[in-house]
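Summary of the model geometry
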2 protein chains.
Amino acid sequence: MIDMVDTESLLEVAYEEAQRGLAEGGIPIGAALFDSAGNLLGRGHNRRVQNDDPSVHAETDAFRDAGRRRDYRDTIMVTTLSPCWYCSGLVRQFGIGAVVVGEARTFHGGHEWLAENGVTITVVDDPRCVAMMEKFIAERPELWFEDIGVAE
Amino acid sequence: MIDMVDTESLLEVAYEEAQRGLAEGGIPIGAALFDSAGNLLGRGHNRRVQNDDPSVHAETDAFRDAGRRRDYRDTIMVTTLSPCWYCSGLVRQFGIGAVVVGEARTFHGGHEWLAENGVTITVVDDPRCVAMMEKFIAERPELWFEDIGVAE
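This text gives an overview of the structure that appears in the document. Everything quoted here is computed from the prediction, not taken from an experiment. (Residues numbered from 1 in each chain as written. Chains lettered and ligands numbered in written order. Predicted model: local features only at pLDDT ≥ 70, side-chain atom pairs only at ≥ 80, totals over all residues. Heavy atoms only, no water.)

1. A few points about the relation of the copies chain A and chain B
For clarity, the cut-off: Copy-to-copy superposition: least squares on the C-alpha atoms, limited to residues that have pLDDT of at least 70 in both copies. Here, two residues are considered to be in contact whenever any of their heavy atoms come within 4.5 Å of each other.
At an RMSD of 0.0 Å, chain A and chain B line up after a rotation of 180 degrees and a shift of 0.0 Å along the axis. Taken together, these values place the two copies in the relation of a two-fold axis. The rotation axis passes nearest to the C-alpha of G89 of chain A in chain A, at a distance of 2.5 Å. Of the residues that chain A buries at the interface, 100% are likewise interface residues in chain B, meaning the two copies contact each other through the same surface.

Take a look at the structure:
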């Protein structure tokens, strides 16, 4: 499925979303949902700071933006960062067929668990995504740990 | 932790939320987040129909209603129905310490996976919760399958 589309161009949309979030003073994680032909269905970014809402991770925002849908099997979730358990659970429950991960160096979420459960996983290991999160985590560690539920 | 509070009274809040959702024309699943002393932190219900939003399950809504928080270890998520993978992922990622499940007969989600990962799980097996979902699923199967990502 993933071979049918250009992974880098899909990741570009998620990266733009992460940069948008950063410009808003938020956590720079972006995501986008596409169909298997590469058509954009929804896009979004983490809104913890902007909306004062802990429930909106980048993948949640993109999933919401895509609206209601009966069948996600032919969809691809693209995210700048390895999906946390919350977002991995979203992918598994709704049967999203594939996930493209920008990078999994600064945070290692549930993408291997998803692969074990039949989801096609592509880890791009994009240097821009790595640099973006490394800088953010160094500058705002408290905010980052809050976003992934790491207590003090 | 759970022994410190009355499980039935906590479940009552989640049940009221489910009934509220049903009265709004929505899917009757409710949830509430409490601290370990039984103080209510947030409450909510599934909003797929009401908000036209597939990302708001009952647990998500209660979690959002509780606002931003750095540490969830002493919190209890109470839900009328076994949490799906999306909501189980929420519990695991944010380190919520305990989950009270109204029933797990009409839907079996990730509560055992949570137990394996250190979350205290209590399944009440409440007859009202079972009857509420059995009636809903019989009347609105398409909506129910949409909400748990079961494709046609």
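So that's the structure; there's more coming.
2. Side note on unusual backbone geometry
Here is the rule: Secondary structure elements follow DSSP: runs of H or I of four or more residues count as helices, runs of E of two or more count as strands, with numbering from the N terminus. The classification of residues rests on relative accessible area computed with a 1.4 Å probe and restricted to protein chains. Under 20% of the type maximum is buried, over 50% is exposed, and intermediate values are partly exposed.
Here the phi dihedral of D125 of chain A falls at roughly 55 degrees; this positive angle occurs in a residue that is not glycine. Relative to the helices and strands, D125 of chain A is located in the loop between β5 (120-123) and α5 (127-139). Relative accessible area serves as the criterion here: at 32%, D125 of chain A is assigned to the partly exposed category. In this structure, D52 of chain B is a non-glycine residue whose phi angle is positive, near 55 degrees. You can see D52 of chain B is positioned in the loop between β2 (40-45) and α2 (58-65).

3. Notes on the sheet that holds strand β4 (residues 98-103) of chain B
Residue and element names in this part refer to chain B. Inclusion rule: Any two strands with at least two DSSP bridges between them are considered paired. Each axis is a line fitted through C-alpha atoms, taken for helices only over the stretch in contact, and angles between the N-to-C directions span 0 to 180 degrees.
Taken together, the 5 strands give an open sheet; going across it, the order is β2-β1-β3-β4-β5, and neighbouring strands pair in mixed fashion. At either margin of the open sheet sits one strand with a lone partner, and together these are β2 and β5 (120-123). Between one strand and the next, the sheet's axes are offset by a mean angle of 15 degrees, whatever the strand orientation. Of the pairings in the sheet, the one linking strand β1 (residues 30-35) to strand β3 (residues 75-81) comprises 5 bridges and is antiparallel in character. Bridging from a neighbouring strand, F34 pairs with I76 of β3. Contacts between α2 and the sheet are confined to β1, β2 and β3, with β2 contributing the most and set at about 145 degrees to the helix.

4. Remarks on the packing of α2 of chain B against helix α3 (residues 85-94) of chain B
Packing of α2 of chain B against α3 of chain B brings their axes to within 8 Å, and their N-to-C directions diverge by 35 degrees. The residues of α3 of chain B that touch α2 of chain B, namely those facing E59, T60 and F63 of chain B, are Y86, C87, L90 and F94 of chain B.

5. Some remarks on helix α1 (residues 7-23) of chain B
Residue pairs spaced three or four apart in an α-helix point in one direction, given the helix's 3.6 residues per turn. Residue and element names in this part refer to chain B. Put simply, the rule reads: Here the expected length of a helix is defined as 1.5 Å per residue gap, with one fewer gap than residues. Whenever a nitrogen or oxygen atom comes within 3.5 Å of another N or O atom, the pair is scored as a polar contact, on the condition that within protein one atom can donate a hydrogen and the other can accept it, and that pairs from neighbouring residues in sequence are kept only if both atoms are in side chains.
The end-to-end C-alpha separation of α1 is 25 Å, in line with the 24 Å expected for 17 residues at 1.5 Å each. Taken together, the buried positions of α1 are T7, L10, L11, V13, A14, Y15, E17, A18 and G21. Tucked inside the fold, the buried residues of α1 contact β1, β2, β3, β4, β5 and α5 (127-139). Its side-chain oxygen at 3.1 Å from the backbone nitrogen of E8, D6 defines the N-terminal cap of α1.

6. Concerning the interface of chain A and chain B
How we decide: We define buried area as the total accessible area lost by two parts upon association, computed with a 1.4 Å probe and summed across both. Whenever a carboxyl oxygen of Asp or Glu lies within 4 Å of a side-chain nitrogen of Lys or Arg, that contact is scored as a salt bridge.
With 38 residues of chain A at the interface, the matching set in chain B holds 38 residues. Roughly 3,400 Å² of surface becomes buried between chain A and chain B when both sides are summed, with 54% attributable to carbon and sulfur atoms. Among the residues of chain A in contact with chain B, R68, R70 and Q93 of chain A are the three that bury the most area, contributing 27% of the side total. Run the count over chain A and chain B and you get 8 salt bridges.

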